[in-house]
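# An overview of the molecular structure
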Amino acid sequence: MFRSSFFFLVITTPLLLLIATFSRNEQHIICSNFAVEAFSIVHTSSSSSRTLPPKRKSMHHPFRHDTGNKASAYDRVKTNTFGFDDVDSLQSQQQHQSALTTLRSAPTDRQEDGAEAEAASSSSLQDISIIVFPLLLIYISNQWSRYSISYLVDFSPENAAATFTAMNVDLQFTKSQYGLLASTAFTILFAFSSLIAGSLADKYDRKLLTLSSCLVWTVATMAQSQAHTYNEVLIARIVMGGACAFAAPAAYTLIADKISKDKLAFANSLYGSGVYLGGALASLSLLLDENVGWRWTLGAIGGFGVAAAIVASILLPSDGERNIFTESHSGGEDDDASRTMQQLDGEENNLFSSATQIVSIPRVQFIYLASFLRFCSGLMIGVWAAPYFKQAFPDDATQYAVVNAFIVGGMGMTSGIMGGYFADGLGRWVKNEGEASSSATAGVTSILRENFDEETIRLLLPIVGSLLAIPAWYQATHAGTNFEASMFWLAVEYLVAECWFGPTIAVLQSSVGASRTGTAQGLFVLTGAFANSAPTLLGWIYGSKVIDATTSSSEVLASLLSVGVCAGYLLSSVFFLISASASANGGLQRVSQNTKEGE
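Reference entry: report on the structure contained in this document. Computed from a predicted model, the values in this text were never measured in an experiment.

Our next topic: the overall build of the protein. Along its length, the protein carries 25 helices and zero strands. In the protein, which comprises 599 residues, the proportion classed as buried is 54%. The long-range fraction of contacts in the protein, counting pairs at least 24 apart against all pairs at least 6 apart in sequence, stands at 84%. Split by element, the accessible area of the protein, about 25,300 Å² in all, is 61% carbon and sulfur.

This model, assessed by the stated rule, comprises 23 aromatic pairs. Look at Phe389 and Phe393: their rings are 6.4 Å apart centre to centre, the planes differ by 15°, and that puts the pair in the stacked class. Like Phe389, the residue Phe393 is buried in the burial classification. Aromatic pair Trp500 and Phe501: ring centres 5.2 Å apart, planes at 85°, arrangement edge-to-face. The same class applies to Trp500 and to Phe501, which are both buried. Cluster of aromatic residues (ring-pair linked, three or more members): Tyr139, Tyr252, Tyr271, Phe375, Trp500, Phe501, Phe524 and Phe576. Between the NZ or CZ atom of Arg146 and the centre of the ring of Phe190, over which it lies, the distance is 5.3 Å. Between the NZ or CZ atom of Lys175 and the centre of the ring of Tyr542, over which it lies, the distance is 4.6 Å.

One finds Tyr178, Ile255, Tyr271 and Trp473 to be the most contacted residues of the largest nonpolar core, which totals 134 residues. Per-element tally for this core: the top contributor is helix 16 (residues 362-392), with 16 residues. Look past the residues within four positions of Tyr271 in its chain and what remains in contact with it is Val132, Leu135, Leu136, Tyr139, Ala247, Ala248, Ala251, Tyr252 and Ile255.

This paragraph deals with the state of the cysteines. Counting across every chain of the model gives zero disulfides. Counting only cysteine sulfurs, Cys214 is the nearest neighbor of Cys244, a cysteine outside any disulfide, at a range of 8.9 Å. The class of Cys244 is buried, set by a relative accessible area of 4%.

To continue, consider the packing of helix 6 (residues 125-147) against helix 12 (residues 264-272). Contact pair helix 6 / helix 12: the axes reach a minimum separation of 8 Å and the direction vectors enclose 30°. Considering the angle they form, helix 6 stands roughly parallel to helix 12. In the packing of helix 6 onto helix 12, the handedness of the crossing is right-handed. Residue-level contacts link Leu125, Ile128, Val132, Phe133, Leu135, Leu136 and Tyr139 of helix 6 to Phe266, Ala267, Leu270, Tyr271 and Gly272 of helix 12. Looking at the contact of helix 6 with helix 12, its residues break down into 11 nonpolar, one polar and no charged.

With that settled, consider a nonpolar patch on the surface. There is a patch of nonpolar side chains on the surface, built from Met222, Val306, Ile310 and Ile314 and spanning about 330 Å² of accessible area. Top element by residues in the nonpolar patch is helix 13 (residues 274-315). It accounts for three residues. With respect to the helices, strands and loops of the structure, Ile314 is situated in helix 13.

Now for the pattern of salt bridges. The full count for this structure, using the stated rule, is seven salt bridges. Residue Asp257 is joined to Arg206 by a salt bridge in which the shortest nitrogen-to-oxygen separation is 3.0 Å. A residue pair is termed long-range when its members are at least 10 positions apart, and Asp257 in helix 11 (residues 247-258) and Arg206 in helix 9 (residues 206-225) qualify at 51 residues. Judged by relative accessible area, Asp257 falls into the partly exposed class, the value being 29%. A salt bridge links Asp424 to Arg458; the nearest nitrogen and oxygen atoms lie 3.2 Å apart. Taken as a pair, Asp424 in helix 17 (residues 397-436) and Arg458 in the loop between helix 18 (444-451) and helix 19 (460-477) lie far apart in primary sequence, 34 residues in all.

Conventions used here
Residues numbered from 1 in each chain as written. Predicted model: local features only at pLDDT ≥ 70, side-chain atom pairs only at ≥ 80, totals over all residues. Heavy atoms only, no water. Helix = DSSP H or I, 4+ residues; strand = E, 2+ residues; numbered from the N terminus. Buried < 20%, exposed > 50% of the residue type's maximum accessible area, 1.4 Å probe, protein only. Contact = heavy atoms within 4.5 Å. Areas by Shrake-Rupley, 256 points an atom, 1.4 Å probe, with all protein chains shown as cover. Phe/Tyr/Trp six-rings, centres within 6.5 Å; stacked < 30°, edge-to-face > 60°. Lys NZ or Arg CZ within 6 Å of the ring centre and 35° of its normal. Core = buried A, V, L, I, M, F, W, Y, C linked by side-chain atoms within 4.5 Å. Disulfide = S-S within 2.5 Å. Axes fitted to C-alpha atoms, helices over the stretch in contact; angles between N-to-C directions. Parallel < 35°, antiparallel > 145°, perpendicular 65-115°, else oblique. Left-handed = near helix turned anticlockwise from the far one by under 90°. Nonpolar A, V, L, I, M, F, W, Y, C, P; charged D, E, K, R; others polar. Patch = residues over 30% accessible without salt bridge, like charges linked within 9 Å, V, L, I, M, F, W, Y side chains within 5 Å. Salt bridge = Lys/Arg side-chain N within 4 Å of Asp/Glu carboxyl O.

Here's what the structure looks like:
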């Protein structure tokens, strides 16, 4: 019965997504053009006057207002920046910096379109669904592949586990080796790929990045199903980690480009719910494991990855033409202009300079630190909760698989989506209160207005959620032999804790600017990669503990999980609070400051 339901889910999900897209409106890809005003600023900042060529309609959008001759404008920037013989090198450098800053800050057709659209109406649920659901399907595959290993091992002290259902028994690896597989091995390439993925997402076709990475981690998952040694699984997990790092940066930057600002936290949370849906399917892998064994279970997970890639390739729009600097449309002067802009941008907007400027922003620093601690708590639960509950309630293993799937998928997804929804609502509330400028407001409302702005108010969700999760998680791991009570508190923990992701991403994106969202997202994923050291460390401590007659293995693991998870929650809430009051100014403002000094 379960097997039929499982494959019904796999088959019907893509079909429903296909049907949903039939009602969508026609989407157009509009390439951005720099407005002529930006180049006029650069032109007037030079010491010599030049005659501007006549304006003409934008070649990329014939129905828009005049934006000037793009090639001539680029040429003026190039000439004004590098063409002076009567100035010293310092002045030339200042003018170079001024040109680069002005070009980056100039309003584009796309930005003007975005401002007009936001003023008129925000993104509808249909608009959000068209972009988010193909990405969500990929992300579910990502998380299912990543966390399935936690449900395919069995460290029961009675050694009753069979090689058919338990990977660790079949391949003969220990608790500490499992901790390495589930976290550090995955992180080895994941950490390095995160930065590269963010930079590539800022420049290249994100649909291609998404589909390619999905196919790679799917192949790695299938390779694990055919492994006969621990080292073979280890290598497959390393490759999987490198591929999985590309999913989130490409998706979040695509969402940030396509969804209006007032719905961004909700859209991010909707996509982030893939963590919980993938986790729920990973939990149900216990049932699949009992019926077909761990090898066929991994094969089925890989099959879902292939199906997700096929569906996303059909539904997800390509955005390879979004960057006008990557391709030349008309040749001649435009070719020369494109090369000039690549030269300008290449000197200042490379991976390491962008990353340095991003992490120099105080608010972003504390967001990353808080997220690292929050990831530590979540990953310790993700890696070690299943082994703990299987040991603590061995007679309820099958029931746990179903209940945990409901908790992770239902409670986690509900918390994530509602967190984004309420975060956007708080942002609108602060904005409206600020416009009203009511001086008579007092109490909690006054405190919130004085300490939070339209963006940072969203961080209330991760602050409050982390604090409420501390007693809930403690109760879940100290319910004794009462399985129902333990699952109740686990559900409460997921409901209050998992509201943090969407609001945090929204504040991060607003703090770094649109041109660096991919790199910022890559750094965010990197914090999660570093956090994988937490379950590895817990596994090492757990494996080194001496289990005597007075304590059981599950009691030792419960104590370790309580201390580690609760400490991470507490510290993360503190640093989220600090980040809300920290400055959003940093490295990204230094370019403009240097420009003003040069002028």
